[in-house]
Amino acid sequence: MDPDVIREVMTKYHTYHKSYKTSNEIAKMVVTGLINKEGEEWAKARMKLNPAFHLEKLKPMVPAIQVCSQNTLNEWKEMAAKGGGFCCFDVYPYLEVFTSSALARLMFDSTYTEQLKQTFLQLSELAFMGKLATNPLTLPGEKKEKGWSKACQSGLTGFIHARIVRENSNDVDRQRIIDDIIGQCKLFFFAGYETNSNLLTWTMIMLSAHQDWQARAREEAVQVLGNKKEITSEDLGKLKIATMILNEMLRLFPSSMEFTRLVEEETTLGGYTIPKDTLVTCPIIILQRSTEIWGKDAGERFAEGIVKATKGENVYMPFGWGPRICIAQNFAFLESKTFLAMLLLNFTFELSPTYVHAPFVDFTIHPQYGAPIVLKKL
Ligand code: HEM
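The rules behind these values
- Residues numbered from 1 in each chain as written.
- Predicted model: local features only at pLDDT ≥ 70, side-chain atom pairs only at ≥ 80, totals over all residues.
- Heavy atoms only, no water.
- UniProt positions renumbered as here; feature names shortened; annotations may be inferred.
- Helix = DSSP H or I, 4+ residues; strand = E, 2+ residues; numbered from the N terminus.
- Buried < 20%, exposed > 50% of the residue type's maximum accessible area, 1.4 Å probe, protein only.
- Contact = heavy atoms within 4.5 Å.
- Areas by Shrake-Rupley, 256 points an atom, 1.4 Å probe, with all protein chains shown as cover.
- Near = heavy atom within 4 Å.
- Polar contact = N/O pair within 3.5 Å; in protein donor to acceptor, adjacent residues only side chain to side chain.
- Nonpolar A, V, L, I, M, F, W, Y, C, P; charged D, E, K, R; others polar.
- Pairing = 2+ DSSP bridges.
- Salt bridge = Lys/Arg side-chain N within 4 Å of Asp/Glu carboxyl O.
- pLDDT = per-residue confidence, 0-100.
- Axes fitted to C-alpha atoms, helices over the stretch in contact; angles between N-to-C directions.
- Phe/Tyr/Trp six-rings, centres within 6.5 Å; stacked < 30°, edge-to-face > 60°.
- Lys NZ or Arg CZ within 6 Å of the ring centre and 35° of its normal.

You'll find the protein entered in an unreviewed UniProt entry as Cytochrome P450 protein, with Rehmannia glutinosa given as the organism. According to the UniProt record, the Subcellular location (unreviewed entry) comment for the protein is "Membrane".

Our next topic: the overall build of the protein. Scanning the protein from N- to C-terminus turns up 16 helices and ten strands. Counting every position in the protein, which comprises 378 residues, the buried fraction comes to 51%. Long-range pairs, those at least 24 residues apart, make up 75% of the contacts in the protein between residues at least 6 apart in sequence. In the form shown here, the protein has an accessible surface area of approximately 18,500 Å², with 56% of it arising from carbon and sulfur atoms.

So, about the site of the ligand. The immediate surroundings of the ligand are formed by 28 residues, with Trp42, Arg46, Asn196, Arg261 and Cys326 found nearest. Between the ligand and Arg46 there is a distance of 2.8 Å, counted from an oxygen atom to a side-chain nitrogen or oxygen. Sorting the residues of the shell around the ligand by element identifies helix H3 (39-49), helix H6 (92-108), helix H9 (174-209), strand S3 (259-263) and helix H16 (329-346) as the ones contributing at least two each. Top element by residues in the shell around the ligand is H9. It accounts for seven residues. Classifying every residue of the shell around the ligand by side-chain character gives 18 nonpolar, six polar and four charged.

Turning to the pairing of S3, a few remarks are in order. Counting buried residues in S3 gives four out of five residues, a clear majority hidden from the surface. Here five bridges tie S3 to strand S6 (residues 278-282), and the two strands are oriented antiparallel to one another. Looking at S6, one finds that Val263 is bridged to Thr278.

Turning our attention to the pattern of salt bridges. Counted under the stated rule, the structure contains eleven salt bridges. Among the salt bridges present, the one from Glu248 reaches Arg301, with a minimum N-O distance of 3.8 Å. Of this pair, Glu248 sits in helix H12 (residues 240-252) while Arg301 sits in the loop between helix H14 (291-294) and helix H15 (306-309), and the two are 53 residues apart along the sequence. Because the salt bridges share partners, they merge into one network encompassing Glu56, Lys59 and Glu234.

Further remarks concern the confidence of the model for the protein. Across the protein, the average pLDDT comes to 86, with 84% of residues at or above 70. For the stretch residues 135-140, pLDDT sits under 50, and the model shows ten contacts to residues farther than four places along the chain or on other chains.

Taken together, three strands build an open sheet; the order of strands is S2-S10-S7 and the sheet is antiparallel. Strand pairing shows two members of the sheet lacking a second neighbour, strand S2 (86-90) and strand S7 (347-351), which therefore form its edges. Along the sheet, successive strands turn relative to each other by an average axial angle of 25°, direction set aside. Where S2 lies against strand S10 (residues 372-377), five bridges are found, and the strand directions are antiparallel. Counted as the bridge partner of Phe86 is Lys376 from S10.

Here we come to the packing of aromatic side chains. Here the structure, examined in full by the defined rule, presents 14 aromatic pairs. Ring geometry for Trp76 against Phe89: centres 5.3 Å apart, planes inclined by 65°, an arrangement best described as edge-to-face. Of the two residues, Trp76 is situated in helix H5 (residues 62-82) and Phe89 in strand S2; the sequence distance between them amounts to 13 residues. Across the pair, exposure class does not vary: Trp76 and Phe89 are buried alike. An aromatic cluster of three or more residues is present, and its members are Trp76, Phe89, Tyr94, Phe98, Phe339 and Phe347. Its guanidinium or amino end placed over the ring of Trp213, Arg216 lies 4.3 Å from that ring's centre, counting from NZ or CZ.

Set out below in structure tokens:
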């Protein structure tokens, strides 16, 4: 797989379209917002959304992410207290709740209320059905999904109304704005909760297996954060070991193994003629896992950043590449680093003997049998 060919596919977004066209009704409910747009329509929508994801705009969110992290860790502390300082459980579902609650902050500036939790649960049911709906056939159970879709729609409408009222923007065509925002919210939820919980889950699994790195990351967290009550984005910027670890996790377990694009007009690529209506797949996992390119393991590879680690080559794309690169990578890092640092300050952890290493791929790469981990309160 030639990295330059992948670069070409990912960069020329007018020629290589995201291939989310489907006649399946469930998939249509799931694939909404920015990801469903092409050409000028996409460019306009992306331009509107970009500022909300600039690092400067996101920095003030760190305290709210810290509260979400603390809530999850408090639950773990309670479990540990009952077990004499130890607990053992599958961390994956808890990390999904954590990432959902952080998204609630991002989207609605709201805590993770019971009502929002219900809406997100319905959305994740829809996402699950969406994964099954990768063929054009109508699946049994679709009627139920329509019910969920309606319920999500009305749940989200409530939260958006509350925010519009709070922000006093009552002088415009509300329904149009609301429909548009709902589409984006659904997408942010689908794109954001599983990707980030996967990243944190693999990080916990791998740091359990590599205690030396866990110790290094903890030492750094203690040095940078000590007993600080409130974490800032500047603190997070100093967590170099944590950043190296997260980069390596995204190399080994990228959420998307491959990117698929649809060629709508005949074109040429890498010396080949590609006929109209062909799907082109870029399997980035092959590049990111190539021992020829990367050697055997991470070592200190990411110590001086991604450009040095890749020697400037286009071989590392966990957030995609080109104009349609992930809009929220800054948010993903703020969220993951905050949680990881707080986790390291509160617990040591190792793999449960029941853990089975079985990376499983549907839309994302996650552990097929969960992530049972033994945590010890520090
Ligand atoms: C570790 C976390 C994440 C990873 C690894 C990740 C990965 C990706 C990748 C690979 C793409 C490009 C897909 C393609 O080109 O086919 C993408 C796009 C996107 N991501 Fe993320 N993502 C993460 C977190 C998030 C979060 C938290 C959000 C929302 C809050 C989000 C929202 C989006 C959106 C809206 C797009 C579409 C951009 C466009 O088409 O212009 N992602 N993401």
